[in-house]
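Residues per chain, in single letters:
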Amino acid sequence: MLSSLVLYGVPEKMTRRLAATVIGSQGLAVFFGALVARALAEARGESSSGAFLAVGSAIAVLCILDAGMLRRPWGITLGWVLQLATMLSAFVVPMMLVVGLIFGALWVTALVQGVKMDALTRAHAAEAGSVTPPADR
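Reading the values: the criteria
Residues numbered from 1 in each chain as written. Predicted model: local features only at pLDDT ≥ 70, side-chain atom pairs only at ≥ 80, totals over all residues. Heavy atoms only, no water. Helix = DSSP H or I, 4+ residues; strand = E, 2+ residues; numbered from the N terminus. Rg over C-alpha atoms; globule rule 2.2 N^0.38 Å. Buried < 20%, exposed > 50% of the residue type's maximum accessible area, 1.4 Å probe, protein only. Contact = heavy atoms within 4.5 Å. Areas by Shrake-Rupley, 256 points an atom, 1.4 Å probe, with all protein chains shown as cover. Lys, Arg positive; Asp, Glu negative; His and termini not counted. Charge placed at Lys NZ, Arg CZ, Asp CG, Glu CD. Salt bridge = Lys/Arg side-chain N within 4 Å of Asp/Glu carboxyl O.

A. Structural context of the overall build of the chain. Assigned secondary structure in the chain consists of four helices and zero strands. Element order for the chain, N to C, with α for helix and β for strand: α-α-α-α. On C-alpha atoms alone, the chain measures out to a radius of gyration of 20 Å, which is more than a quarter above the 14 Å that the 2.2 N^0.38 rule sets for 137 residues. Each of the three principal axes of the chain carries a C-alpha extent, and together these read 85 × 25 × 25 Å. For the chain, buried positions account for 32% of its 137 residues. When contacts within the chain are restricted to residue pairs at least 6 apart in sequence, those whose partners lie at least 24 apart make up 74%. When the accessible surface of the chain is summed, it comes to about 8300 Å², and 71% of that surface belongs to carbon and sulfur atoms. Between the centroid of the 10 positive side chains of the chain and the centroid of its 7 negative side chains there is a distance of 2 Å.

Dropping the structure here:
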């Protein structure tokens, strides 16, 4: 199962679609986590509330940009880095660990199942191409 896990390179169409859906959605969750981090820091009277919002927003924007950059060889690698960044945000907002684990599992699933879907698509296209249409009568 994990042998088909992609760490670098340009994935095929279905893998890109699934991964883009996951990483784009993750961007929204990370942004909402950044808002929570800012509000918690502000409620505690910490001066780091603006920094939490800025860093969280930057990670969220990178997630959304990465959804469109998966055609680049480093797009998948950036996705892995963003998975790690989401996990590390649990040091600021502990519940982000749950978000990170969920999106990490979805990321792995998208990459593994996307490769399988691409292989099935290629097999179907090859099969359809080898079948000759019936002759006209």
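Once the structure has been displayed, the description carries forward.
B. Up close: the pattern of salt bridges. Overall, the coordinates contain three salt bridges when judged by the stated rule. Among the salt bridges present, the one from Glu 12 reaches Arg 122, with a minimum N-O distance of 2.4 Å. With Glu 12 in the segment before α1 (13–43) and Arg 122 in helix α4 (residues 96–130), this residue pair connects regions lying 110 residues apart in the sequence. Under the relative-accessibility criterion, Glu 12 is labelled partly exposed at 39%. In this structure, Arg 44 and Glu 46 form a salt bridge, with 3.8 Å as the shortest nitrogen-oxygen distance. On the accessibility criterion, Glu 46 (34% relative accessible area) is partly exposed.

Just distances and angles here, no functional claims.
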